[in-house]
Amino acid sequence: MRSWSIPAGRLFGIEIRIHLTFLFLLVFIWTTESATQDMAAAWRGLGLAGIVFGSVILHELGHALVARRDGIPAKAIILLPIGGVTLLDESQAIPDPAKTWKRDIHVAIAGPFVNLFVAGISALIVLAVAPHFPLWTKPLVHSSNLVRSLVWGNVYLGLFNLLPAYPMDGGRVLRALYSRQMDPVRATQRAVRIGHVFAILFMMVGMLMSNWWLVMIGFFLFVGAQLEERSAVFQSVLQSVRLEEVMLTDFATLSPADTLEDALDKAVHTLQDDFPVVRGTDMVGVISKQKILDALRVNGNGYVQAAMNRIFDVSSKQESLASSFRKLSAHNLSIIPVVDEQRLVGIVTLQNLMHSMALLAESRKLRREGLEA
Ligand SMILES: [Zn+2]
């Protein structure tokens, strides 16, 4: 999602990115409006797109700022033709089921709330300045009246997002409410099922009314719900796997007193890309094959001690994979040493993780089949 978007500045310290398909939409509006009507209409068409664009940004900022207040920083806001997406960095947040559901509701409601607030305030201002302004004349949202579009566009955006159709905001509220009584995966699955019903309804109604926007929204909603469900299942697997089940126990270590050339020589004979650096029984650092090569290239031969990374996290073997993922991403590392009573008993590296996860899944499946047979 990120790779197809271009940066468009920052607001409140949050990166705003525009998805390329959104730019196609602008070009589409411009060409269709300027081909059929006069130039003024084309400009008004772009003005309407600008209003929608601004309202979507405000909506997403609502989510992002409330999330930040609750300790989850936003990585970026991405604008798509069907709305926006706020990418939250949940890697630092410690999951606490007793509080998460309230937090999720706050974050979900903040977006629609901003839109309804903007609609209310702008309607009040318009009526104060021009009491006879045709606020209720149809069409409510159209490029021929941009002020009316600002008010009603925000009303629609707010109400539409409050529909309990996961992964829309109303659906997220529903999921958070379910999660009080059941585990996160089942709560997500329930919300996803309701989301699917709405998605199919949108597509059917859209086709009956030849409203292709509605069909498209239904389609994206369906796919979005599916993806969310998969990521919830993935999260729960990470939560249930303990490090001792996936760690490498047969691994090479380096000594801080090794020269880089010696280290490279050892690295050649193993598949490992990352090495714990051990003095006696103490872990003193970590180093990667790439780091060894870089140091050799830049400074010539030296000692591992000088090139190794001294900042690292250790995990105990009972810790879950989810918690060690948080540690990996917090320090941008690719190796986690696993210790048992201060002793190094294994390592988990990003490189081997996918491989060992696949093997673990197979062995769990075989064991289950063995029980059933
Ligand atoms: Zn939203």
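So, a few notes on the structure that sits alongside this text.

Rules used in this analysis
- Along each chain, residues carry numbers from 1 onward, in the same order as the chain's sequence is written.
- For this predicted model, a pLDDT threshold of at least 70 governs which residues receive local features, and a threshold of 80 or more governs which side-chain atom pairs are given and counted, while totals over whole chains, interfaces and linings are taken from all residues.
- Hydrogens and water molecules were not included; the side-chain quantities draw on all heavy atoms of the structure.
- Here a helix means four or more residues in a row that DSSP labels H or I, a strand means two or more in a row labelled E, and each is numbered from the N terminus.
- Pairs of N or O atoms within 3.5 Å make up the polar contacts considered here, provided that, within protein, one atom can donate a hydrogen while the other can accept it, and that residues adjacent in sequence are counted only when both atoms are side-chain atoms.
- We call two residues in contact when some of their heavy atoms are within 4.5 Å.
- Any residue with an atom within 4 Å of a point lines the site, the site being either a cavity, points on a 1 Å grid over the protein atoms alone where a 1.4 Å probe fits but cannot get out, or a pocket, an open set with protein on both sides within 12 Å along at least 5 of 7 lines.
- Grid points are joined across faces, edges and corners, and a volume is the space filled by probe spheres set on the points.
- Note that Gly is not counted as nonpolar here; it falls among the polar residues with everything else outside the nonpolar set of Ala, Val, Leu, Ile, Met, Phe, Trp, Tyr, Cys and Pro and the charged set of Asp, Glu, Lys and Arg.
- Classification of residues uses two cut-offs on accessible area relative to the type maximum, computed with a 1.4 Å probe and protein chains only: under 20% is buried, over 50% is exposed, and between them is partly exposed.
- By nonpolar core is meant a set of buried Ala, Val, Leu, Ile, Met, Phe, Trp, Tyr and Cys residues that side-chain atoms within 4.5 Å join together.
- Salt bridge, as used here, is a side-chain nitrogen of Lys or Arg placed within 4 Å of a carboxyl oxygen of Asp or Glu.
- Simply put, an axis is a line fit to the C-alpha atoms, just over the touching stretch for a helix, and the angle between two N-to-C directions goes from 0 to 180 degrees.
- Definitions for this section: a left-handed crossing has its near helix turned counterclockwise from the far helix by less than a right angle. A right-handed crossing has that turn clockwise.
- Two strands are counted as paired when DSSP detects at least two bridges linking them.
- Any two of the Phe, Tyr and Trp rings considered here, Trp counted by its six-membered ring, make a pair once their centres fall within 6.5 Å; the pair's planes then place it as stacked at under 30 degrees, edge-to-face at over 60, or tilted in between.
- Criterion for a charge above a ring: Lys NZ or Arg CZ within 6 Å of the ring centre, and within 35 degrees of the ring normal.
- Coordinating donors are taken to be N, O and S atoms lying within 2.8 Å of the metal, or within 3.2 Å when the metal is Na, K or Ca; because water is excluded from the atom set, some sites may appear incomplete.
- By the criteria applied here, four donors are tetrahedral when all angles lie between 85 and 135 degrees, four are square planar and six octahedral when opposite donors are over 155 degrees apart and every other angle lies between 65 and 115, and any other arrangement is irregular.

You can see R175 is positioned in helix α5 (residues 169-178). Here the side chain of R175 touches T188 through a polar contact of 2.7 Å, side chain to side chain. In contact with R175, other than residues within four places in its own chain, are D104, Y166, P184, A187, T188 and A191.

Before going further, it helps to spend a moment on the layout of surface pockets. When its volume is computed, the second largest pocket comes out at roughly 180 Å³. Residue contributions to the lining of the second largest pocket peak at four residues, all from helix α13 (residues 350-372). Residues belonging to the lining of the second largest pocket are distributed by class as follows: three nonpolar, seven polar and one charged.

Checked against the element boundaries, H196 lands in helix α6 (residues 184-208). Classification of H196 as buried rests on a relative accessible area of 15%. Excluding residues within four positions of it along the chain, H196 makes contact with F222, A225 and Q226.

Core analysis: the biggest nonpolar cluster contains 24 residues, and V246, L321 and V348 have the highest contact counts within it. Broken down by secondary-structure element, the contributors of at least two residues to this core are α8 (243-246), β6 (282-288), α12 (321-330), β8 (335-340), β9 (343-349) and α13. The leading source of residues in this core is β9, at four residues.

Counted under the stated rule, the structure contains 11 salt bridges. A salt bridge links D70 to R69, with the shortest nitrogen-to-oxygen separation between them at 3.3 Å. When its relative accessible area of 27% is taken as the criterion, D70 is described as partly exposed. Judged by relative accessible area, which is 59%, R69 ranks as exposed. Among the ionic pairs, E244 bridges to R242, the shortest N-O distance being 2.8 Å. Residue classification places R242 among the partly exposed residues on the basis of a relative accessible area of 35%.

Take the packing of helix α9 (residues 260-268) against helix α10 (residues 289-299) next. A pair of packed helices is captured by two measures, namely the crossing angle of their axes and the spacing between those axes. Close contact between α9 and α10 brings their axes to 10 Å; oriented N to C, the two are set at 145 degrees. Between α9 and α10 lies a crossing whose hand is left-handed. In this structure, α9 uses L260, E261, A263, L264 and A267 to contact α10, whose residues at the interface are K289, I292, L293, A295 and L296. By residue class, the composition of the contact of α9 with α10 is eight nonpolar, no polar and two charged.

In this section: the pairing of strand β3 (residues 74-80). Counting buried positions along β3 yields six of seven residues, so the element is predominantly enclosed. Two strands pair when backbone bridges link them, and strand β2 (residues 14-19) and β3 are joined in this way by four bridges, in the parallel orientation. Bridge assignment links R17 to a residue of β3, and that residue is I78. Where β3 and strand β4 (residues 83-88) come together, six bridges link them in antiparallel fashion. Looking at the pairing, L79 lines up with G84 of β4.

So, about the sheet that holds β2. Within the open sheet, the four strands sit side by side as β1-β2-β3-β4. Their pairing is mixed. Only two strands of the sheet have a single partner each, and these edge strands are β1 (5-11) and β4. On average, each strand axis in the sheet is tilted by 25 degrees relative to the strand beside it, whichever way the strands run.

Further remarks concern the packing of aromatic side chains. In this description, a pair of aromatic rings is defined by centroid distance and the angle of the planes. Per the stated rule, a full pass over the model turns up five aromatic pairs. Seen in terms of ring centroids, W136 and W152 are 5.1 Å apart; in terms of plane orientation they differ by 70 degrees. Their pairing is edge-to-face. Highlighted residues: W136 in the loop between α3 (97-129) and α4 (146-162) and W152 in helix α4, separated in sequence by 16 residues. Given the relative accessible area of 68%, W136 is considered exposed. By relative accessible area, which is 13% here, W152 ends up buried. Members of the aromatic cluster, each reached through a chain of ring pairs, are F160, F198 and F202. Over the face of the ring belonging to W101 we find R180, whose NZ or CZ atom lies 4.9 Å from the ring centre. One residue, R190, lies across the ring of Y178, its end atom 5.5 Å from the ring centre.

It is worth spelling out the pairing of β1 at this point. Direction of pairing for β1 relative to β2: antiparallel, over a ladder of five bridges. Note that in β2 the partner of L11 across the bridge is I14. In textbook terms, the turn of a hairpin is the stretch between consecutive antiparallel strands, and for β1 and β2 this stretch comprises two residues, one of which, F12, has a positive phi near 50 degrees.

Of the protein atoms, only H59 (NE2), H63 (NE2), D169 (OD) and D169 (OD) coordinate the zinc ion, at distances of 2.0 to 2.6 Å. Around the zinc ion, the four donor atoms are arranged such that angles at the metal cover 55 to 147 degrees; this shape is classified as irregular. Expressed as a motif, the donor residue spacing for the zinc ion is H-x3-H-x105-D. Here H63 and H59 lie together in helix α2 (residues 39-69), a separation of four residues that amounts to about one turn. Among the residues examined, H59 registers a relative accessible area of 4% and is labelled buried.

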